[in-house]
Amino acid sequence: MIKFFRKIRQNLLSDGKTGKYFKYAIGEIVLVVIGILIALQINNWKNYNLDRISERDYLNRISNDLIVDTVNFSRTIKRLKNKQESLGTLLELIKKKQLTNADSNTVLGYISIGTSLSIAHQGIANSTFEELKNTGGIRHVRSTVLRSAINNYYFKRDHHNDRIEKKRKESNYSLKINRIIPGLSRTDGEISYRNDLVSYKDILDMISGPGFKKIATSEYNNAIFMLRIQEVGLDDANKLLNLVKKEIE
């Protein structure tokens, strides 16, 4: 085809038809420009489709992560409510001086449940977001509203996690309990501890004092604090999950 056009151009020049040649040259340039524009449009179309495939993949993965988050938030909330109730009941027994009237397994159970989530708690599933953040993949999400919501959700969780960890380190509840009741553990509702190191009477004496009450009250307040954060997290996760699902649909 190129050889054909060149031959026409040479024939026009050899015949001295300069005007016709310039018209032909302009037409040839127009055809080349149109060809380039079409090629660019095809390339842009391919890139657009690739971006949409990437966007859908990322959103599906974030959706799966958020489903995991909602399950973990729900489990953590249940454990924190149990922790709060157990410590609250224990503190009430101490206040009313009724520890000796309660079964030893029940009292030790309250203390053991109180240690729940005092060492670590379930974090969020953020591997997809970390990839988006580190690779710049977040740009594939077209909706500015959704993009902002995704960023806010994960940054907010990081902030809340830092607050929880700070509270946990300040409390150090599990370590303090282990000093009072060495080897305290709870398996299938059965409580065990190193009774060769400390007797139950010694335990009652220690937890009846003002020092233990202060420790238990502090951890009770921490449970309330963590519970509120987890409830907010569950609500945020469900809201973002709905936004993501709508965008996928």
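Here the structure is a predicted model, which is why all the values come from computation and not from measurement. (Residues numbered from 1 in each chain as written. Predicted model: local features only at pLDDT ≥ 70, side-chain atom pairs only at ≥ 80, totals over all residues. Heavy atoms only, no water.)

Trainee: Give a detailed account of unusual backbone geometry, specifying residues and quantitative values.
Mentor: Positive phi outside glycine occurs at Leu117, with the angle close to 65°. In this structure, Leu117 sits in the loop between helix H3 (104–114) and helix H4 (127–135). Judged by relative accessible area, which is 5%, Leu117 ranks as buried. (Helix = DSSP H or I, 4+ residues; strand = E, 2+ residues; numbered from the N terminus. Buried < 20%, exposed > 50% of the residue type's maximum accessible area, 1.4 Å probe, protein only.)

Trainee: I'd like a description of empty space enclosed by the protein, backed by residues and values.
Mentor: Counted by the stated rule, this structure contains two cavities of 30 Å³ or more. Roughly 50 Å³ of internal volume is contained in the largest cavity. If you go around the largest cavity, the residues you meet are Leu117, Ser118, Ile164, Lys167, Arg168, Ser171, Glu219, Asn222 and Met226. Here the lining of the largest cavity takes four residues from helix H5 (residues 144–171), the largest share from any one element. The class makeup of the residues in the lining of the largest cavity is three nonpolar, three polar and three charged. Reported here for the second largest cavity is a volume of approximately 30 Å³. Residue lining of the second largest cavity: Asp69, Asn72, Phe73, Thr76, Gln122, Gly123, Ile124 and Gln230, and that is the complete set. The biggest single contributor to the lining of the second largest cavity is helix H2 (residues 18–95), with four residues. In terms of residue class, the lining of the second largest cavity is built from two nonpolar, five polar and one charged. (1 Å grid on protein atoms, 1.4 Å probe; cavity = no way out; pocket = protein on both sides within 12 Å on 5 of 7 lines; lining within 4 Å. Points joined across faces, edges and corners; volume = space filled by probe spheres on them. Nonpolar A, V, L, I, M, F, W, Y, C, P; charged D, E, K, R; others polar.)

Trainee: Before we move on, could you go through H5 and cite the residues and values that matter?
Mentor: With 28 residues, H5 extends 41 Å between its outermost C-alpha atoms, agreeing within 8% with the 40 Å of an ideal straight helix rising 1.5 Å per residue. Along H5, the residues classified as buried are Leu146, Ala149, Ile150, Tyr153, Tyr154, Arg157, His160, Ile164, Arg168 and Ser171. Phi turns positive, to about 55°, at Asn172, one or two residues after H5. (Expected span 1.5 Å × (residues − 1).)

Trainee: Hey, could you go over the environment of Tyr110 for me, with residue numbers and the actual values?
Mentor: For Tyr110, the position within the fold is in helix H3. Classification of Tyr110 as partly exposed rests on a relative accessible area of 22%. When the C-alpha positions of Tyr110 and Leu87 are compared, they lie 6.2 Å apart, and in sequence the two are 23 residues distant. The contacts of Tyr110, once residues within four sequence positions are left out, are Ser86, Leu87, Thr89, Leu90 and Leu93. (Contact = heavy atoms within 4.5 Å.)

Trainee: Hey, could you go over the nonpolar core for me, with residue numbers and the actual values?
Mentor: Of all hydrophobic cores here, the largest spans 28 residues; its most connected members are Leu66, Ile150, Leu240 and Val244. For this core, the secondary-structure elements that each account for two or more residues are H2, H4, H5 and helix H8 (210–248). With 10 residues, the single largest contributor to this core is H8. Every residue in contact with Val244, bar those within four places of it in the chain, is listed here: Leu59, Ile62, Ser63, Leu66 and Leu146. Counting residues in each nonpolar core, the second largest holds 23 residues, with Leu87, Leu99, Leu204 and Ile215 among its members. (Core = buried A, V, L, I, M, F, W, Y, C linked by side-chain atoms within 4.5 Å.)

Trainee: Describe the side chain of Thr70, listing the residues and the values that go with them.
Mentor: Looking at the secondary structure, you find Thr70 in helix H2. Since its relative accessible area comes to 13%, Thr70 is described here as buried. Among the polar contacts listed, one links the side chain of Thr70 to the backbone oxygen of Ile67, at a separation of 2.6 Å. Not counting the four nearest positions on each side in its chain, Thr70 is found in contact with Leu234, Ala237 and Asn238. (Polar contact = N/O pair within 3.5 Å; in protein donor to acceptor, adjacent residues only side chain to side chain.)

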